[in-house]
Amino acid sequence: MASQVIESGMRIMSKKLFAEFLGTFALVFLGAGAIVSGKADLQGVALAHGLAIFVSISALAGISGAHFNPAVSAVMLATKRICGQDFLYFVLAQLAGATIASLAINYIYGHSNGYGLPAIASGTSIGAGVLAEILGTALLVAVIFGVAVDKRSVAASHPGLPIGLTITAVILSVGPINGAALNPARWFGPALVSGNWSTAWLYLVAPISGAVLAAVAYQSVAKPE
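Given the structure is predicted, the values throughout are model-derived calculations rather than measurements.

## Observations regarding the environment of tryptophan 201
In this structure, tryptophan 201 sits in helix α8 (residues 200–222). The exposure class assigned to tryptophan 201 is partly exposed, which follows from its relative accessible area of 47%. As for tryptophan 201 and lysine 16, which are separated by 185 residues in sequence, their C-alpha atoms are 28 Å apart. With sequence-adjacent residues up to four places away left out, tryptophan 201 is seen in contact with Ile126, Val130 and Ala206.

Following this line, the structure appears as structure tokens:
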């Protein structure tokens, strides 16, 4: 009996990890791919990211919860919605998905348009880039908690649409400033393939900080009794 329970748990976890891998792969392949192709303007890039998340959440949320983002997994761990082991496995699956997507983009398009790597724009201060990343991610996570975690939401049955639209809007707003990764995995894949780690701290620390900020605010103010 115990072995059957363990085997069943492993099958469930493998499905979750596949979903996290596939969703993150789709985000990077479609989002960064729109940049690397050189054919999309800012509106096209924002829409590519938003649509990738929309369809991925719609298809995979029932399997893994559709994090597709280490910052989201971090706040789910912090608010005790997943355990430490699941967090580690989820993040590894997300990073793997982002890496494979970046390798595929590089094979298709070659070394062009910075591999789709988010970066601080010329003339923009580091402080402005950090603040934009923190606030953008905080807004995204606030929407995730509002429509996907809190089942009181009128959008609880289809959270992919408001979450995808939020990502689209944030990229339109601050994408020209810092690339609006909003997601350490979205940065990690292109960074690994390009070998450019110059702004690692920004795209690792700022999204997680913004996500925690939003989660704390939600838990303190909006969480149902």
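## As for the side chain of serine 56
For serine 56, the position within the fold is in helix α2 (residues 42–64). Beyond its immediate stretch of four places on either side in the chain, serine 56 contacts Gly23, Ala26, Ala61 and Phe68.

## Section: the packing of aromatic side chains
This structure, assessed with the given rule, holds five aromatic pairs. Between phenylalanine 21 and phenylalanine 25, the ring centres sit 6.4 Å apart and the planes meet at 20°, which makes this aromatic pair stacked. On the criterion of helical spacing, the pair formed by phenylalanine 21 and phenylalanine 25 is a turn pair, its members being four residues apart in helix α1 (residues 2–37). For phenylalanine 21, a relative accessible area of 25% gives the class partly exposed. Ring-pair connections join several aromatic residues into one group, and the members of that group are Phe21, Phe25 and Phe29.

## Describing unusual backbone geometry
Located in the positive-phi region is lysine 80, a residue other than glycine, with phi close to 65°. Topologically, lysine 80 is positioned in the loop between α3 (70–78) and α4 (84–109). We note that leucine 182 has phi near 60°; this positive angle belongs to a residue other than glycine. If you trace the backbone, leucine 182 turns up in the loop between α6 (160–178) and α7 (184–194).

## A word on the nonpolar core
Grouped together as the largest cluster of nonpolar side chains are 33 residues, with contacts concentrated most on Ile53, Phe145 and Ile163. Counting only elements with at least two residues in this core, the list comes to α1, α2, α3, α5 (126–149), α6 and α8. By residue number, the principal contributor to this core is α5, which donates eight residues. With residues up to four places along the chain from it excluded, the contact list for phenylalanine 145 reads Val75, Met76, Thr79, Arg81, Asp150, Ala215, Tyr218 and Gln219. In terms of nonpolar packing, the next biggest core, distinct from the first, is built from ten residues, Trp187, Phe188, Leu202 and Tyr203 among them.

## Comments concerning a nonpolar patch on the surface
A surface patch of nonpolar side chains, about 370 Å² in accessible area, is lined by Ile126, Trp201, Leu204 and Val205. For the nonpolar patch, the element with the most residues is α8, which contributes three residues. For leucine 204, the location among the structural elements is in helix α8. Given the relative accessible area of 37%, leucine 204 is considered partly exposed.

## Overview of the environment of valine 36
Inspection of the secondary structure assignment puts valine 36 in helix α1. Classification of valine 36 by relative accessible area gives buried; the value is 2%. Between the C-alpha atoms of valine 36 and serine 56, which are 20 residues apart in sequence, the distance is 21 Å. With residues up to four places along the chain from it excluded, the contact list for valine 36 reads Ile105, Tyr109, Ser112, Asn113, Tyr115 and Gly116.

Cut-offs applied
- Residues numbered from 1 in each chain as written.
- Predicted model: local features only at pLDDT ≥ 70, side-chain atom pairs only at ≥ 80, totals over all residues.
- Heavy atoms only, no water.
- Helix = DSSP H or I, 4+ residues; strand = E, 2+ residues; numbered from the N terminus.
- Buried < 20%, exposed > 50% of the residue type's maximum accessible area, 1.4 Å probe, protein only.
- Contact = heavy atoms within 4.5 Å.
- Phe/Tyr/Trp six-rings, centres within 6.5 Å; stacked < 30°, edge-to-face > 60°.
- Core = buried A, V, L, I, M, F, W, Y, C linked by side-chain atoms within 4.5 Å.
- Patch = residues over 30% accessible without salt bridge, like charges linked within 9 Å, V, L, I, M, F, W, Y side chains within 5 Å.
- Areas by Shrake-Rupley, 256 points an atom, 1.4 Å probe, with all protein chains shown as cover.
- Salt bridge = Lys/Arg side-chain N within 4 Å of Asp/Glu carboxyl O.

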